[in-house]
Structures are given as structure tokens and as C-alpha cells.
Amino acid sequence: MTTLLEVHGLTKRFGGLQAVGALDLRVAAGEIVGLIGPNGAGKTTVFHLIAGFHAPTAGAIRFKGASVVGLKPHAICRRGLARTFQIVQPFAALSTLDNVMVGALNRAGDVAAARRSALEIVEFVGLGAKSRLPARSLTLSDRKRLEMARGLATGPELLLLDEVMSGLNPTEIDEIIGLIRRIHARGVSLLIIEHVMQAIMALSDRLVVLHHGEKLAEGAPAEVARDRRVIEAYLGEEGEPRDAAGRGPRGPGRAIREEEA
Amino acid sequence: MAARAAAVVALGALVAAPPLLPKYFLEVLISVLFFAYLGASWNVLGGYAGQFSFGHAAFFGIGAYTSTLLFLRTGLTPWLGMLAGGGLAAAFGLLAGYLSFRYGLKGPYFSLVTLAFAEMLRVVAVNTKAVGSSLGLVVPTAHPAPHLFLFAGKLPYYYIILAMALGALAVTWVVERSRLGYALAAVRENEDAAEAAGVDALGVKLRAMAISSFLTALGGTFYAQYFAYIDPGITFGPTVSIQGLLPAIVGGAGTVLGPLLGSFVLTPVSELTRALLRGRAGADVMLYGLVLVLVISFLPQGLMGFIRGRRAGGARP
Amino acid sequence: MTSGLLLQAAVSGILLGGVYGLVASGLTLIFGVLRIINFAHGAVMMLGMYASYWLFVWAGIDPYASILITAPLFFAIGVGIEKVIIEPNRGAAEHNQLLLTLGLALFLENLALVLWQGDFRTLRVPYAGASFVIGEALVELPRLIAAAGAVLMTLGLFGFLRTTDVGKAIRALAEEPEGAMLVGIDVARIRSVAFGIGSACVAVAGALVTPFFYVAPDVGETFNIMAFVVVVLGGMGNFVGALAGGFIVGLAESLGAAILPGSLKQLVVFFLFVLVLLFRPQGLFGGARGR
């Protein structure tokens with residue numbers, strides 16, 4: 001399996017605070033890798049570093065064999081690495097279609113080709129009926145789809161998804177899980193940050209757990225869920241398994257417990 | 001379809017009517033188109049790229065002084081001098097733009113720095129004998145010579161500024177639909193998201209800056225040839241910067257027709273004010289200030305925004 | 001270039017710099033609390049100068065005494081402007097808020113032009129020519145009083161912000177707008193008060209300079225630019241920075257005037273401005289918001 005993304009010794013310090021420490025991470029072509037960890041673990045910072053929004057304090061980031069450290073985000077995107085934002089960032093005044101066209105222009109030769117490509121992707125993510133609506137009028141769930149569509153339109157080999165399921169209800173979550181699988185089926189590798197445990201467990205080939213900016217554990221979802229250190233990191237003081245968002249034993253904690261049993 | 005018919009009629013009127021108009025109306029119409037032109041030029045950077053320059057006078061002045069100096073000192077026809085001025089202004093704009101955007105100046109900070117650049121040029125002009133300092137430069141109009149951009153009577157100037165205004169609107173229209181237009185809209189809405197989608201924000205802003213500064217400079221040459229006199233205050237001063245951006249804001253920044261509409265509303269009103277408050281200097285600018293406050297307060301998207309809001313939808317700005 | 005000339009330049013620069021500091025303090029207060037760059041600040045100062053001028057011409061009130069009238073008057077005017085024009089547009093895009101104060105500035109400056117024409121007026125007080133000598137430098141009394149008054153007022157403002165309830169509310173709002181709301185501060189009222197105080201400061205600065213500065217509709221523009229430079233240099237929302245920045249800019253301007261011919265001194269100030277904006281936008285002393 002060819003390695004698409006290789007991160008080695010990645011470190012980021014903001015003043016005296018270390019957000020990410022000596023992280024090693026790998027995503028092979030065709031994989032779905034989940035990046036999980038309690039709030040504040042530094043996951044989004046890792047995305048910022050990979051996508052070129054922050055410069056690393058130390059460490060190497062190689063995409064398709066070439067270093068991307070120091071490149072501007074747009075240049076990294078052109079090489080085939082796209083990302084979504086944790087708090088969705090649509091081009092509010094532009095239509096759904098135009099939003100996606102901006103991404104499509106990354107690969108398309110002209111505006112007409114970009115429009116064709118964007119239309120196809122807008123349909124693919126299920127926003128076909130809303131293509132002419134201004135992005136600001138979309139629901140949160142639709143904005144998340146739009147964010148993913150725009151990233152997909154840039155023609156990436158690797159797509160970074162940052163908590164696309166946060167704020168969604170269970171039905172919407174299921175729909176997004178389906179969409180992610182379909183994106184994967186198109187040949188896009190994925191690195192996903194997620195707090196909704198069932199989703200990330202179900203989707204990922206491999207999980208990487210981050211805690212206080214450092215890698216705590218790595219492996220198949222089942223193994224990671226059994227890992228004592230991971231459970232402790234998520235547990236906190238009360239001894240009740242909680243997910244990173246602080247919710248009780250209903251969802252994620254139950255998933256971990258079930259794996260244990 | 002009705003809109004298209006109206007546009008054709010309006011265009012027809014703009015082309016055919018002027019020879020029949022009394023001199024004063026022709027002058028006002030020239031002013032309207034002149035400010036529409038300046039507004040459209042500003043609009044490429046201000047409305048479309050979302051970078052509100054308060055210092056476009058810098059480019060206006062560079063255009064006016066370059067063509068005039070070349071004409072006075074070397075006899076070069078202002079038709080060519082105009083292009084030289086445009087090129088020089090674009091170069092200055094790229095330099096100023098690169099410094100500003102590279103160092104991340106946005107919003108009010110960008111506005112302030114452009115203001116500073118324009119003022120610096122003004123101070124240099126005031127203190128440089130070779131360009132006439134405060135006394136300015138006079139363009140000799142005694143002998144009309146079309147090949148030297150000098151005409152007897154106002155009508156030729158009218159058609160020139162009409163062509164320029166339509167040309168600027170055409171440039172805006174083409175840009176809006178091009179890849180650059182999409183990239184500009186993205187950067188304007190959300191620069192980080194644009195970068196993440198593969199848009200080179202810096203490159204795109206610089207392109208807008210080059211177009212905007214080039215066009216504005218051409219306007220400076222027109223002014224010099226039409227009014228036959230330029231000085232640092234007129235060409236590099238904040239007044240022309242403001243007069244350039246007002247039509248675009250009032251009409252609707254980021255739209256093709258906005259500057260034209262804005263100028264058609266603002267200019268006659270300011271002329272009227274000046275006529276009514278005869279000789280009271282400042283009455284028209286006072287009006288600009290009032291209009292600006294009112295438009296921002298009640299019509300923040302300008303007239304075009306208001307018109308579009310009436311017809312439902314309209315996703316593209 | 002004699003040392004005497006340099007000393008003179010330094011003295012004049014520092015004295016005028018004190019006034020710049022006061023003007024800038026008002027501007028930085030408004031920025032810190034309302035997060036807007038008030039382009040109309042200079043215009044309000046100009047109106048304050050006219051107010052002091054007319055009070056002197058019609059009622060013989062000494063400009064320094066006129067402060068007792070103009071300060072509260074312009075506080076009220078500032079509150080009015082904030083409530084009527086600025087507050088309703090709080091949700092507007094940043095560049096629109098900028099244009100708003102620009103429009104106000106244009107309106108006020110040209111209102112003055114229409115009402116009182118562009119003639120330069122000067123206010124001749126009996127002690128206008130009084131001066132004394134320090135070393136080789138001549139210190140004019142009105143300039144010294146202006147500087148002292150400005151510094152006093154700025155320090156007074158500082159003290160007000162530290163010790164009074166309103167002052168603390170202002171600082172709270174500047175630092176943490178949502179927190180301030182949560183603890184029950186009437187943030188809309190505080191915003192009006194802040195704008196009012198900023199306007200009063202600048203009107204006082206205007207009164208202080210009328211004995212030695214010409215009065216005309218465009219005089220505000222000069223101080224406006226200076227105030228922006230000082231605020232950017234000192235850091236947006238930073239009072240110590242405004243005061244220190246005022247002195248630095250005043251000094252730079254007047255040393256520039258001593259060394260460069262004509263009006264090129266303005267280049268020195270603009271150059272400084274551009275440099276700070278590009279390379280240290282949070283100001284030399286760090287501001288409430290960097291960029």
C-alpha cells in the first residue's frame with residue numbers, strides 16, 4: 001500500500017503551550033483513519049498543521065512523498081489534500097453550487113467544466129435540490145454536506161474531515177456515515193476527527209488516539225477501545241465512561257464497554 | 001426580457017441624445033459617467049475582492065501626472081501616456097498590495113494603509129518642483145488635436161468617457177464570470193475557506209489590485225485632459241478616493257451595474273446641491289457624507305441589493 | 001542643523017505630542033469598547049475647536065475655561081452620535097462600520113465648511129505670546145499648558161477607568177464583551193458612555209490647542225491622521241501606548257520638520273505608520289487586538 005500522508009515527529013508549540021508533541025501518523029492510500037481523543041487533545045491543530053494553516057515548530061509532513069511544510073494551504077490543496085473545518089465555513093452569500101464550483105476550479109480547465117463537475121458533486125452529496133440556494137440559508141446538516149462537497153470538488157486524494165457529525169441528530173449522523181462511505185468508494189482516502197464514537201468506530205480502518213497533543217494509542221478500533229490508557233483518558237475523575245463531549249454512558253461509553261465484554 | 005429592452009433603450013439614449021442636450025446637462029452627464037467609471041474601477045478591488053481601499057487617489061494621481069508629464073516634457077500623446085500611467089499605477093498597486101496582503105492587512109487596517117500610501121504620494125508631489133508642486137500642471141488646450149487627446153467642445157469627451165465607463169463595466173462583467181471572479185468571491189466571503197479550497201488568496205487579490213489600479217489611472221488621464229489642470233490635492237487627495245468609492249457603495253459594491261446606478265443617483269443630486277447652495281463650498285461633500293451614512297444604515301447592499309431583494313432569490317452577489 | 005534647532009524641535013514635538021496623546025486616548029477608548037475605528041474623531045475635535053472659538057468671540061470665555069462647557073456638551077454629542085448612528089448598525093459588516101464613521105466625518109467637516117467657510121481663524125488670547133526659555137529652546141506658554149492639560153486629562157481618564165464603577169464596566173466590556181453582558185453590565189449604555197467620553201476628550205484637546213493652532217474645517221483631518229498613527233503605534237485599546245505613542249509621533253513629526261524641507265515631515269509620520277501597520281500591527285506596546 002502506498003503511503004499518502006506521512007507525519008513524523010510533528011510538534012507545535014504556541015508560546016509556552018505544547019499543542020502537539022512528537023506525533024507520528026501515517027495514512028495509506030485507500031485507508032480511512034480516525035483521529036480521536038478528548039477535547040483539547042490537539043486534533044484540529046494537527047489538521048491545521050497538515051493543511052498548511054499553521055507552521056510546525058518541529059517535525060516532517062510528507063504528502064505523496066514530498067514535504068508540504070511551509071507551503072500555503074492552497075498549494076497543499078492543489079496537490080490533492082483537502083480539508084473541512086470544525087466550524088463550517090461556507091461562502092455564505094454564494095449559492096450552494098457556486099460554493100462547490102470554487103473547489104471544482106481547482107482542477108477544472110474552465111468555468112463551464114467546473115460547473116459540470118460541481119453539479120455532479122452537489123447531486124452526489126444530496127444537495128441537488130438546493131443548488132441555487134444561498135449557502136447561508138442551508139441547515140447545519142446541509143452545510144456540513146456542502147463543506148464536504150466543496151472539499152471533494154477540489155479533486156483530493158486525501159480528505160481531512162473535522163467533526164462533520166457534531167451537532168447532528170442520529171438520523172443525520174447515519175446519512176453522513178453513508179456519504180463518507182460513498183466518498184471513500186470514489187477513491188478518496190480519509191483522515192477523520194470525530195467524537196461520535198459509533199460512527200468513527202464503524203468507519204475507520206485504524207484509529208489514532210491523541211491526548212494532550214501526543215499519541216496515546218494506535219490500532220484497529222476494537223483494540224483501541226479495549227486499551228486501558230484510552231479508557232482512562234476518556235474517563236476523567238468520576239469513573240463513569242463518558243465521551244469527549246461529556247455525555248453519559250448512553251452512547252460512546254457503552255460502545256467501549258460492549259467491546260470489553 | 002423587459003430589463004434587457006430597457007437596457008438597450010438606455011444605451012441608445014446615452015449614445016444618441018447627447019448632441020441634442022444643452023451644455024450644462026452634457027457636463028453633468030460627463031460627470032456621472034466619470035464617477036461611474038471611477039466607481040467601477042474601484043469596485044474590482046473593493047466590491048469584488050472585498051478589499052476596501054481608501055487610497056485609490058494614489059492610482060488616479062499616478063495616471064494623471066504620468067500622462068501629463070510625458071505630454072508636457074516629451075510631447076508624447078496622452079493616448080499612449082495613459083497606458084504608461086496605467087502600467088505605472090498597476091506596478092505601484094502591486095507593490096503596495098503585495099506589502100499589505102503579504103503582511104496580512106485586512107479590513108480597516110488595509111483601508112488605513114492605502115490612505116497612508118495615497119497621502120505619501122500627495123506630500124511628495126506637493127514638495128517636488130519637477131512636477132509643479134502645489135501649483136500643479138496645466139494642460140495646454142489652445143489647439144484641439146484629437147491625436148493628442150485634446151478636443152474642442154465637450155461632445156468628444158463625452159463619448160470617450162462613455163466608452164470608458166462601458167468598458168469598465170464590461171471588464172467587471174467578464175471578471176465576475178471568470179475563474180478569477182469565483183476566486184474573488186470566495187476570498188471576499190472567507191479567506192481561510194478559500195485557501196482550503198485551493199484559491200491562492202494573495203495572488204487573486206493582487207490580480208484584482210492590478211486591474212483596479214490600472215483602470216483608475218486611466219481615469220486620471222481623462223481628468224487631466226478634460227479639465228486641463230491637475231494638482232496634488234485634486235489628484236492624490238482623499239476627496240477623489242471617496243468620490244471613487246461612493247458610487248460603488250451606494251449602487252452596490254460587488255455588482256456590475258452598481259457603480260453606474262450609484263453615480264446616476266449621486267452625481268446629479270450633488271450637482272443640484274451645489275447649484276442650490278450656490279457657491280457654498282462643501283455642500284456637495286456634506287451630502288456625500290449624509291448619503292453614505294444613510295445608505296450604510298438602510299441599504300447596506302446598495303441600490304442593487306435593494307433591487308435584487310425585491311425579486312426573490314439571487315444567490316450570486 | 002544645530003543642537004539648538006534639534007532641541008527646539010524636540011521640545012515642540014513633545015509638547016504637541018502630549019495633545020496627540022489625548023486625542024489618541026479618546027480614539028483608543030472608542031476602539032477598545034466599540035471595536036470600530038472612528039474616522040469622525042478628528043471632525044469632532046474640529047467642532048470642539050469651533051465651539052471654544054465661538055465661546056471666546058461671542059462671550060469672551062477663555063478657551064481653557066470653555067472646557068467646562070464643551071466637555072459635557074461634547075460628551076452629550078458623542079452619546080447622541082453613538083445611540084443614533086453607530087448602535088443601530090452594530091451588526092453591520094466591519095467595512096460598512098468604517099464607511100459609516102467616514103460618512104459622518106465627511107458630513108461634519110463639510111457642515112463646518114458650509115456654515116463657517118474655509119477661512120483660517122485664530123483665537124488671540126492675551127497670553128498667546130508668553131514664553132520662556134529652556135536651554136536654547138523657546139517654550140511657548142500655551143503649548144506648555146496644552147501639553148500639561150492633555151497629560152493631566154489622559155491620566156485622569158486612566159484613573160477614572162481604574163477606580164470608578166463606570167470605568168471598570170468600560171474596561172470589562174473592552175476586555176470581554178460577553179462576560180460583561182453576563183455579569184449584568186448594560187453594555188449598550190456603556191458603549192454610548194465610552195463614545196461620549198472619547199468625544200469629550202477630543203473636544204478638550206481642541207480647546208487646549210485653539211490658543212496656538214488655526215481653526216478651520218480641515219484642521220480635524222490633521223489630528224485624525226496623527227491619532228490613527230498614534231493608536232496603531234501604541235496599540236489599539238492601550239492607553240499607556242496612546243500617551244507614549246503621542247510623544248513618539250509628536251517627536252518624529254517635529255524632528256522630521258527640522259530635517260526635511262517643506263511639508264515632507266508628514267512623510268516621516270506616514271512612513272512610521274506604514275512600517276508599524278506592516279510589521280507590528282499590534283503596536284509597540286501591544287494592543288487589545290493585533291490584527
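The model shown is predicted, which means the values in this text are computed figures rather than measured ones.

Rules and cut-offs
Residues numbered from 1 in each chain as written. Chains lettered and ligands numbered in written order. Predicted model: local features only at pLDDT ≥ 70, side-chain atom pairs only at ≥ 80, totals over all residues. Helix = DSSP H or I, 4+ residues; strand = E, 2+ residues; numbered from the N terminus. Buried ≥ 20, exposed ≤ 12 C-beta atoms within 10 Å, placed from the backbone. Contact = placed C-beta atoms within 7 Å. Rg over C-alpha atoms; globule rule 2.2 N^0.38 Å. Nonpolar A, V, L, I, M, F, W, Y, C, P; charged D, E, K, R; others polar. pLDDT = per-residue confidence, 0-100. Pairing = 2+ DSSP bridges. Axes fitted to C-alpha atoms, helices over the stretch in contact; angles between N-to-C directions. Parallel < 35°, antiparallel > 145°, perpendicular 65-115°, else oblique.

Section: the overall build of chain A
Moving on, step 1. Each helix and strand in chain A was counted, giving 10 helices and 10 strands.
Moving on, step 2. Looking at chain A as a whole, 47% of its 261 residues are labelled buried.
Moving on, step 3. Of the contacts made within chain A by residues no fewer than 6 positions apart, 63% connect residues no fewer than 24 positions apart.

Details of the overall build of chain C
Moving on, step 1. For chain C, the count of helices and strands is 11 helices and two strands.
Moving on, step 2. The linear arrangement of helices and strands in chain C, starting from the amino end, is α-α-α-α-β-β-α-α-α-α-α-α-α.
Moving on, step 3. Taking 2.2 N^0.38 as the reference for a compact globule, 291 residues should give roughly 19 Å; the C-alpha atoms of chain C span a radius of gyration of 19 Å, in line with that estimate.
Moving on, step 4. The principal-axis extents of the C-alpha atoms in chain C amount to approximately 60 × 45 × 35 Å.

Notes on the interface of chain B and chain C
Moving on, step 1. Facing 34 residues of chain B, the contacting portion of chain C comprises 36 residues.
Moving on, step 2. Where the side of chain B that touches chain C is concerned, the elements lending two or more residues are α5 (107-126), α11 (238-251) and α13 (283-298) of chain B.
Moving on, step 3. Ranked by residue count, the leading element in the side of chain B that touches chain C is α5 of chain B, at 11 residues.
Moving on, step 4. Of the residues assigned to the side of chain B that touches chain C, the class counts are 25 nonpolar, seven polar and two charged.

Some thoughts on the confidence of the model for chain A
All names here are of chain A.
Moving on, step 1. Looking at chain A as a whole, its pLDDT mean stands at 88, while 90% of the residues score no less than 70.
Moving on, step 2. Across residues 237-242, where pLDDT falls below 50, the model places 14 contacts with residues more than four positions away in sequence or in other chains.
Moving on, step 3. Here residues 250-261 is a poorly scored stretch, pLDDT under 50, and it has 21 contacts once near neighbours within four places are set aside; other chains count.

Re the interface of chain B and chain A
Where interface size is given, it is often the accessible area lost as the parts come together that is meant.
Moving on, step 1. The partner chain A presents 26 residues to the 21 residues of chain B that form the contact.
Moving on, step 2. Of all the secondary-structure elements, those providing two or more residues to the side of chain B that touches chain A are α7 (179-189) and α8 (191-196) of chain B.
Moving on, step 3. The element best represented in the side of chain B that touches chain A is α7 of chain B, accounting for six residues.
Moving on, step 4. Tallied by class, the residues present in the side of chain B that touches chain A amount to 11 nonpolar, three polar and seven charged.

Describing the sheet that holds strand β1 (residues 3-14) of chain A
All names here are of chain A.
Moving on, step 1. Strand order in the open sheet formed by four strands is β2-β1-β4-β5, with antiparallel pairing between adjacent strands. The open sheet terminates on both sides in strands that have one partner only, identified here as β2 (17-28) and β5 (66-67).
Moving on, step 2. Of the pairings in the sheet, the one linking β1 to strand β4 (residues 58-63) comprises five bridges and is antiparallel in character. Looking at β4, one finds that Glu 6 is bridged to Arg 62.
Moving on, step 3. Its contacts with the sheet place helix α1 (residues 43-51) against β1, β2 and β4, and it is angled at close to 65° to β2.

Looking at the environment of Met 46 of chain C
All names here are of chain C.
Moving on, step 1. Inspection of the secondary structure assignment puts Met 46 in helix α2 (residues 41-59).
Moving on, step 2. Each C-alpha atom, one on Met 46 and one on Phe 223, is 9.0 Å from the other, the two residues being 177 residues apart in sequence.
Moving on, step 3. Each residue touching Met 46, except ones within four places of it in the same chain, is listed here: Glu 109, Ala 112, Gly 206, Pro 217, Val 219 and Gly 220.

A look at the sheet that holds strand β6 (residues 81-83) of chain A
Residue and element names in this part refer to chain A.
Moving on, step 1. Strand order in this open sheet of six strands is β6-β7-β8-β3-β9-β10, and the pairing throughout is mixed. Looking along the sheet, the strands with just one partner apiece sit at the ends: β6 and β10 (214-219). For this sheet the average axis-to-axis angle between neighbouring strands, irrespective of direction, equals 20°.
Moving on, step 2. Looking at chain direction, strand β7 (residues 158-162) and strand β8 (residues 189-193) are connected through five bridges and run parallel. Along β8, the bridge assignment pairs Leu 158 with Ser 189.
Moving on, step 3. With respect to the sheet, α1 is in contact with β3 (32-36), β6, β7, β8 and β9 (206-211), its orientation differing from that of β7 by roughly 150°.

Topic: the environment of Gly 305 of chain B
All names here are of chain B.
Moving on, step 1. Residue placement: Gly 305 occurs in helix α14 (residues 302-310).
Moving on, step 2. A C-alpha to C-alpha distance of 9.8 Å links Gly 305 and Val 250, two positions 55 residues apart in sequence.
Moving on, step 3. Ignoring sequence-local partners within four residues, the contact set of Gly 305 consists of Gly 252 and Leu 299.

What about the packing of α5 of chain B against helix α4 (residues 94-116) of chain C?
Moving on, step 1. Between α5 of chain B and α4 of chain C, the shortest axis-to-axis distance is 8 Å and the interhelical angle comes to 45°. Judged by the angle between their axes, α5 of chain B and α4 of chain C are oblique. Counting all contacts with α5 of chain B, which are made through Gly 107, Pro 108 and Ser 111 of chain B, the residues of α4 of chain C involved are Glu 94, His 95 and Leu 98 of chain C.
Moving on, step 2. Considered class by class, the residues forming the contact of α5 of chain B with α4 of chain C number two nonpolar, three polar and one charged.

Quick word on the arrangement of the chains
Moving on, step 1. Among the two pairs of chains that make contact, the interface with the largest number of contacts is formed by chains B and C.
Moving on, step 2. Spatially, chain A is disjoint from chain C: no contact exists, and the shortest C-alpha separation is 13 Å.

Details of the pairing of β4 of chain A
Residue and element names in this part refer to chain A.
Moving on, step 1. Looking at chain direction, β4 and β5 are connected through two bridges and run antiparallel. Bridge pairing in β5 links Phe 63 to Ala 66.
Moving on, step 2. Linkage of β4 to β5, two consecutive antiparallel strands, is achieved through a turn of two residues, within which Lys 64 is found at a positive phi near 50°.

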